[in-house]
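Chain by chain, the residues:
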Amino acid sequence: MEDSPSIDSRWPELAVAGLLLAVGGVVVADSLRIGVGWADDGPQSGYFPFYIGLVLIASSGWVLIGQLLRWRAADREAFCTREQAGLVWAMLWPVAVYIGAIQLLGIYVASALLIGYFMTRHGRYRWVITLPVAVGVPLTFFIVFERWFLVPLAKGPLERLLGL
C-alpha cells in the first residue's frame, strides 16, 4: 500500500519556532517590566522568567535559522502524510469547538457533549454505553471540584437554571 503524499517539515517547524520566539519575547518583555534584578530579599519576580524567556528565544531562533538555511535542501524530511494530518485535524477541530462551547454552555455540558461525540464518532460506542459515561464524567468532576474542593468551574445556562 503506497503512502499518501507527505507534508514536509519546513512550514510546521517555522510556525512553531516563530510562535515560541514570540512567546519568549513576551516573557522577556514582561519580566523586564516587573524587574529582573536582585533585591534585598532575593530575586525579583521577573528574574527566573527572564532567563526562561531568553532560553526560549535562543532555542526557537536556532530552529528558525536552521530551517531557513536548509530551505532549498533537496532531501527535506516529511512532517507527516496527508492521512496523518487528517487524523490530527479530526481530533483538533472538536477540541476547538469544545473550548468555544465552554464559554456558551459551561464546562460540564460542553464536556458531556465532547465525550459523547468522541465515544460515538471515533470509539464507535453505542449510545447505551456513551450516555452514562458522557454524563457521569462531568458529574464526577462537578462533585470533586465544586463540592469537595470548593473550586468553581465555568458554568453555563443549565447550571444557572438548576441553581448550581
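Below: a short report on this structure. On a predicted model such as this, the values are computed, not experimentally measured, just so you know.

## Examining helix α5 (residues 127–148)
Its 22 residues give α5 an end-to-end C-alpha distance of 30 Å, which sits within 8% of 32 Å, the value for a rise of 1.5 Å per residue. Within the sequence span of α5, burial applies to T130, A134, P138, F142, V144 and E146. Looking at the buried side of α5, the elements it contacts are α4 (107–121). Positive backbone phi, at 55 degrees, marks L150, one or two positions downstream of α5.

## A closer look at unusual backbone geometry
Backbone phi values are negative for most residues with the exception of glycine, while trans is the configuration of most peptide bonds. In the Ramachandran plot, R124 falls in the positive-phi region, its phi being about 60 degrees despite a non-glycine side chain. Along the chain, R124 falls in the loop between α4 and α5. Owing to a relative accessible area of 65%, R124 belongs among the exposed residues under this scheme. One non-glycine residue with positive phi stands out, namely L150, at about 55 degrees. Inspection of the secondary structure assignment puts L150 in the loop between α5 and α6 (157–161). Residue classification places L150 among the exposed positions, given a relative accessible area of 65%.

## Section: helix α1 (residues 10–34)
With 25 residues, α1 should reach 36 Å at 1.5 Å per residue; the first-to-last C-alpha distance of 36 Å fits that figure. Residues R10, L14, A17, G24, V28 and S31 constitute the buried set of α1. Against the buried residues of α1 lie β1 (6–8) and α2 (47–69). Taken from the residues just after α1, G35 is the one with a positive phi, measuring 110 degrees.

Quick notes on the rules
- Residues numbered from 1 in each chain as written.
- Predicted model: local features only at pLDDT ≥ 70, side-chain atom pairs only at ≥ 80, totals over all residues.
- Heavy atoms only, no water.
- Helix = DSSP H or I, 4+ residues; strand = E, 2+ residues; numbered from the N terminus.
- Expected span 1.5 Å × (residues − 1).
- Buried < 20%, exposed > 50% of the residue type's maximum accessible area, 1.4 Å probe, protein only.
- Contact = heavy atoms within 4.5 Å.

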